[in-house]
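Each chain, letter by letter, is given below.
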Amino acid sequence: MKQLIILRHGKAEQNTMAIDDYDRELTERGKRNANDMGAFILKKAGVPDLILSSSAKRAHQTAIIAAKSIGYPENEIQTDQNLYFAPERWIMNVLSKLPDNINSCIFVGHNPGLTDLINSLGVQLDNLPTASTACFEFNVDSWREVSTDQANFKWLKIAKEL
């Protein structure tokens, strides 16, 4: 059994000419929501085997804050620059390469890729809001076997519900 928890980064600074999009930081609300969502994930799913994040500043900050709430070591968070605004197919490709000893993964990323991924896994969603999360399970032994038609939707939590 493989479990995928999809977490969109928290609310970030406004995009301005002065700040490159990649370097935008979380707002205070974004930090608070990331902390609260981490605590929610811990209650619902426990400590994951892996937290994998886009290396963009707002996504990595979200991963760090959520990891602290979950009790996951910050130094074990893996980041990948190729996950910055990755489309759904690219995310699935990256997940297919995870080691089989990883049974649960929190993936921290960006829209529209995350909403597209959730839709491809069978849950129709117009938009995954910032710091919100969705959980899917796959009854497979290897991440290579994870596919959209094997997705089993478990839950969705919107940050403003916390």
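It should be noted that the structure appears before, not after, this text.
Reading the values: rules and limits
- Residues numbered from 1 in each chain as written.
- Predicted model: local features only at pLDDT ≥ 70, side-chain atom pairs only at ≥ 80, totals over all residues.
- Heavy atoms only, no water.
- Helix = DSSP H or I, 4+ residues; strand = E, 2+ residues; numbered from the N terminus.
- Rg over C-alpha atoms; globule rule 2.2 N^0.38 Å.
- Buried < 20%, exposed > 50% of the residue type's maximum accessible area, 1.4 Å probe, protein only.
- Pairing = 2+ DSSP bridges.
- Right-handed = clockwise from strand over helix to strand, strands pointing away.

A. Representation of the overall build of the protein chain in the model. Assigned secondary structure in the protein chain consists of four helices and six strands. Beginning at the N terminus, the succession of helices and strands in the protein chain can be written as β-α-β-α-β-α-β-α-β-β. The globule rule puts the C-alpha radius of gyration for 162 residues at 15 Å, and the 14 Å found for the protein chain is close to it. For the protein chain, the C-alpha atoms occupy an extent of roughly 45 × 30 × 30 Å along the three principal directions.

B. Region of interest: the pairing of strand β2 (residues 50-54). In terms of residue burial, β2 counts as a mostly covered element, since five of its five residues are buried. When β2 meets strand β4 (residues 104-109), the two strands line up parallel, connected through four bridges. By the bridge assignment, I51 is partnered in β4 with I106. As paired strands, β2 and strand β3 (residues 78-80) are joined by three bridges and run parallel to one another. Among the inter-strand pairings, S54 is bridged to a residue of β3, identified as D80. The parallel pair β2 and β3 is bridged by helix α2 (residues 57-70), and the resulting crossover is right-handed.

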